[in-house]
Amino acid sequence: MKNIIFVILGFFFLSLGMVGIVLPLIPTTPFLLLASYFFVKGSKRFEVWFKGTTIYKQHLEEFIKERSLTLRKKIMINLFADSMIAIAFIMAESTMVRVILVLIVLYKYYYFIFKIKTA
């Protein structure tokens, strides 16, 4: 049952990643990374299938091998994440929640700038 849930989640995130290919507001790479993770956990057959797709080869293979993203991809991922965090920040009434959200944003930028190489 757990494997079925992982495969379903893999297809869910694959779908979001494919939407991100068409809509520039939605980042593709994080969703495809999640899809890859869930396919690996769910089924060897779906893992092999996913790694053979052109979507994987065009959007993830380089990141997996090189551990780097293009500057454009980094910017797009951060803009999408920042917009989602901004919505939560605006809706939050608690000062503590807002402080935690700001800390998350700061850590996210630290990670993207210093831990992920720019291709």
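In this report, the structure presented in the accompanying data block is examined.

Calculation criteria
- Residues numbered from 1 in each chain as written.
- Predicted model: local features only at pLDDT ≥ 70, side-chain atom pairs only at ≥ 80, totals over all residues.
- Heavy atoms only, no water.
- 1 Å grid on protein atoms, 1.4 Å probe; cavity = no way out; pocket = protein on both sides within 12 Å on 5 of 7 lines; lining within 4 Å.
- Points joined across faces, edges and corners; volume = space filled by probe spheres on them.
- Helix = DSSP H or I, 4+ residues; strand = E, 2+ residues; numbered from the N terminus.
- Nonpolar A, V, L, I, M, F, W, Y, C, P; charged D, E, K, R; others polar.
- Phe/Tyr/Trp six-rings, centres within 6.5 Å; stacked < 30°, edge-to-face > 60°.
- Buried < 20%, exposed > 50% of the residue type's maximum accessible area, 1.4 Å probe, protein only.

Turning our eyes to something else, we now look at the layout of surface pockets. Here the largest pocket defines a volume of roughly 210 Å³. In this structure, the largest pocket is lined by 13 residues; those nearest its centre are Gly 20, Thr 28, Arg 72, Lys 73 and Met 76. For the lining of the largest pocket, the secondary structure elements donating two or more residues are α1 (2-22) and α6 (71-91). Take the lining of the largest pocket: its biggest share by element is four residues, from α6. The set of elements that each furnish at least two residues to the lining of the second largest pocket consists of α2 (29-42) and α7 (95-115). Class assignment for the residues of the lining of the second largest pocket results in eight nonpolar, one polar and two charged.

On to the packing of aromatic side chains, then. Under the definition given, this model contains 16 aromatic pairs. Each ring, one from Phe 12 and one from Phe 13, has its centre 5.1 Å from the other, and the planes form 70°; the classification is edge-to-face. What makes Phe 13 buried here is its relative accessible area of 14%. Between the aromatic rings of Tyr 37 and Phe 38, the centroid separation amounts to 5.2 Å while the plane-to-plane angle is 75°, which identifies the pairing as edge-to-face. By relative accessible area, Tyr 37 is classed as partly exposed at 43%. Taken together, the aromatic side chains of Phe 6, Phe 12, Phe 13, Phe 31, Tyr 37, Phe 38 and Phe 80 make up a single cluster linked through ring pairs.

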